[in-house]
Amino acid sequence: MFKGFYNLTSAMLTNQQNLNVVGNNMTNISTAGYKQRQYTATTFDEVMYSRLGNKDGKGPEIGKQSYIRASSDIATDFRQGTLEPTGVFLDFAINGDGFFAVQDENGAVSYTRQGNFSLTEEGYLSLAGHGLVLDAQRNPIRMGTDKITSDGFGGIYTETGARIGQLGVFTFQDPAALQITEQGMYQGEGAALKGNAVVLNGYLERSNTDMVKQMTDMISVQRSFQSAAQVSKIYDQLMTKATSDLGRL
């Protein structure tokens, strides 16, 4: 009699988590290098099968009915965003695969597509709020000036042509395995230096979030959430009436 509550509760929880993901995508529409994310869910019995390790379908049958859905994964879309010219000397954008490496004050290294760099008081190239940008040898890059030029492959030079350093661009065999730590920041093992990476100076990669699709998804998910909430109220009223009428009998 009360099975419907499982479906309705599941719908509200699933749609709420989906709304959180969509809202985060829309919030970061202006974040350089941000990659949009997508929420996926699966039925609870499928989760149970995976937990039991029944990958080959040879395990004991545990039932085929499913009344709720469970969080499956939040996938990241690593497709490249639009490369937009800014004309700012310390802006960089990777054309193709790869990530910049940034080291925080504790020595932890994160990877990002954000390229809106700045200089610290000591003259090091940094990503504001995150740490120092690393070169191809994973060392901080001391600039000393923001009047620079670039060779299009991550090499940085002064206006007179003196070489300053080489931006490190790193790739991963499976970017989907990276752990998201902050907005547009990732951590993971197995980073490999990418040779001849195309790095444009005076450009920024914009978020690859499709605003129109996110707006459409938000409206759809909100309506699904509201419908489930409304139906749950009606279902509760029906159950109350049924139990009260049966009580009289």
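For the structure, check the block above.
Residues numbered from 1 in each chain as written. Predicted model: local features only at pLDDT ≥ 70, side-chain atom pairs only at ≥ 80, totals over all residues. Heavy atoms only, no water.

**Regarding the overall build of the protein chain**
In step 1: When its secondary structure is counted, the protein chain shows 3 helices and 18 strands.
In step 2: When each of the 249 residues of the protein chain is scored for burial, the buried share is 34%.
In step 3: Within the structure as shown, the protein chain displays about 14400 Å² of accessible surface, and the carbon and sulfur contribution to it stands at 51%. (Helix = DSSP H or I, 4+ residues; strand = E, 2+ residues; numbered from the N terminus. Buried < 20%, exposed > 50% of the residue type's maximum accessible area, 1.4 Å probe, protein only. Areas by Shrake-Rupley, 256 points an atom, 1.4 Å probe, with all protein chains shown as cover.)

**What about the packing of aromatic side chains?**
In step 1: Following the criterion strictly, the structure yields 8 aromatic pairs and no others.
In step 2: Centre to centre, the rings of F78 and Y186 are 5.5 Å apart; their planes meet at 50°, and the pair counts as tilted. Remark: Y186 occurs in strand β15 (residues 185–187) and F78 occurs in the loop between β2 (69–76) and β3 (83–85); sequence separation between them is 108 residues.
In step 3: Ring centres 5.0 Å apart and planes at 85° place the aromatic pair Y111 and F172 in the edge-to-face group. (Phe/Tyr/Trp six-rings, centres within 6.5 Å; stacked < 30°, edge-to-face > 60°.)

**Thoughts on the pattern of salt bridges**
In step 1: Counted by the stated rule, this structure contains 6 salt bridges.
In step 2: Among the salt bridges present, the one from R206 reaches E84, with a minimum N-O distance of 2.8 Å. A residue pair is termed long-range when its members are at least 10 positions apart, and R206 in the loop between β18 (203–205) and α3 (211–248) and E84 in strand β3 qualify at 122 residues.
In step 3: Judged by relative accessible area, R206 falls into the partly exposed class, the value being 25%.
In step 4: Accessibility expressed as a relative area gives 34% for E84, which makes it partly exposed. (Salt bridge = Lys/Arg side-chain N within 4 Å of Asp/Glu carboxyl O.)

**Overview of the sheet that holds strand β12 (residues 163–166)**
In step 1: Judged by pairing direction, the sheet is antiparallel, and its 3 strands sit side by side in the order β10-β11-β12 without closing on themselves. The open sheet is flanked by β10 (148–150) and β12, the only strands paired with a single partner. Averaged over all pairs of adjacent strands, the angle between their axes in this sheet comes to 25°, without regard to strand direction.
In step 2: Pairing analysis gives 3 bridges linking strand β11 (residues 155–158) to β12, with the strands arranged antiparallel. Of the residues in β12, the one forming a bridge with Y157 is R163. (Pairing = 2+ DSSP bridges. Axes fitted to C-alpha atoms, helices over the stretch in contact; angles between N-to-C directions.)

**Some details on the environment of F172**
In step 1: Mapped onto the fold, F172 is located in the loop between β13 (169–171) and β14 (179–182).
In step 2: A sequence separation of 22 residues divides F172 from K194, and the C-alpha atoms of the two residues are 9.5 Å apart.
In step 3: Among all residues touching F172, those that are not within four sequence positions of it are F99, Y111, L178, G188, E189, G190 and A191. (Contact = heavy atoms within 4.5 Å.)

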